[in-house]
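Each chain, letter by letter, is given below.
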Amino acid sequence: MSGKVKNCPRCGKLFADYGAHICRDCEDKERELESVVVNYVRDHPKCKIAEIIEETGAHETMIKRLIREGRFEQVGVKMTYPCEKCGAPILTGKICAQCSEKMRKEVQGQASQIVAARQAANAARGQGMHSKDIKGR
Ligand SMILES: [Zn+2]
Ligand SMILES: [Zn+2]
């Protein structure tokens, strides 16, 4: 088994990457921090993400990953983070189900508007070019 030797993105040290993407030391530190975060949330079940970041020094992406992994539920805390659009509590992704549904509809609406505009333009052009003959083939 041989890992790719590269510089750790965290501390810059050379290390053999076996898939962790960070060196052993940083991995250990990350695990340590993870348990600090999980313990903090267990002791402060009503805390907000901003508070966790301030208290533990953990990065938001790590906290969100822990939420997705269900690490807080394991210690009996149902942790959520706010939807980027409306602030509703969510467990996964960036926006809540309602907002993603709304966005999906908006995108679909825009797409059909473009299609309609294109069809109208084609129809207008077609009238001058007798495109009916071509279609008949
Ligand atoms: Zn490192
Ligand atoms: Zn939302």
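Relevant structure appears above.
Residues numbered from 1 in each chain as written. Chains lettered and ligands numbered in written order. Predicted model: local features only at pLDDT ≥ 70, side-chain atom pairs only at ≥ 80, totals over all residues. Heavy atoms only, no water.

All right, on to the coordination of the zinc ion (ligand 1) then. Around the zinc ion (ligand 1), the protein contributes the donor atoms C8 (SG), C11 (SG), C23 (SG) and C26 (SG), which lie 2.2 to 2.3 Å from the metal centre. Donor residues for the zinc ion (ligand 1) sit on one chain with the sequence pattern C-x2-C-x11-C-x2-C. On the criterion of sequence distance, the pair formed by C11 in the loop between β1 (4-7) and β2 (14-17) and C26 in helix α1 (residues 24-43) is long-range, its members being 15 residues apart. The exposure class of C26 is buried, given its relative accessible area of 6%. (Donors = N, O, S within 2.8 Å, 3.2 Å for Na, K, Ca; no water. Helix = DSSP H or I, 4+ residues; strand = E, 2+ residues; numbered from the N terminus. Buried < 20%, exposed > 50% of the residue type's maximum accessible area, 1.4 Å probe, protein only.)

Okay, the packing of α1 against helix α2 (residues 49-56) next. At their nearest, the axes of α1 and α2 sit 10 Å apart, and the two run at 130 degrees to each other. For the element pair α1 / α2, the angle class is oblique. Where α1 crosses over α2, the handedness of that crossing is right-handed. Residues L33, V36, V37, Y40 and V41 of α1 form the contact with α2, whose own contacting residues are E51, I52, E55 and T56. (Axes fitted to C-alpha atoms, helices over the stretch in contact; angles between N-to-C directions. Parallel < 35°, antiparallel > 145°, perpendicular 65-115°, else oblique. Left-handed = near helix turned anticlockwise from the far one by under 90°. Contact = heavy atoms within 4.5 Å.)

In this section: the side chain of T56. Take T56: it is sitting in helix α2. Residue classification places T56 among the buried positions, given a relative accessible area of 15%. A polar atom in the side chain of T56 sits 3.2 Å from the backbone nitrogen of A58. Those residues within four positions of T56 in sequence are excluded, and the remaining contacts are L33, V36, V37 and Y40. (Polar contact = N/O pair within 3.5 Å; in protein donor to acceptor, adjacent residues only side chain to side chain.)

On to the nonpolar core, then. Counting 21 residues, the largest nonpolar core has V37, V41, I52, I63, I67, F72 and M79 as the members making the most contacts within it. Mapped by element, the contributors of at least two residues to this core are α1, α2 and α3 (60-68). No fewer than three residues from each of domain 1 (23-79) and domain 2 (94-137) sit in this core. The contact partners of I63, leaving out residues within four places of it in the chain, are V37, I49, I52, I53, A58 and F72. Grouped together as the second largest cluster of nonpolar side chains are five residues, C8, F15, I22 and C26 included. (Core = buried A, V, L, I, M, F, W, Y, C linked by side-chain atoms within 4.5 Å. Domains from an automatic or database assignment.)

Right, let's get into the pattern of salt bridges. On inspection of all chains with the given rule, the structure shows 13 salt bridges. Note that D43 is salt-bridged to R42, the shortest N-O span being 3.6 Å. Residue K105 pairs with E101 through a salt bridge whose shortest N-O separation is 3.8 Å. Of this pair, K105 and E101 both sit in helix α5 (residues 97-129), separated by four residues, roughly a single helical turn. Through salt bridges with shared partners, a single network forms among R10, E27, E30, R31, E34, R65, E69 and R71. (Salt bridge = Lys/Arg side-chain N within 4 Å of Asp/Glu carboxyl O.)

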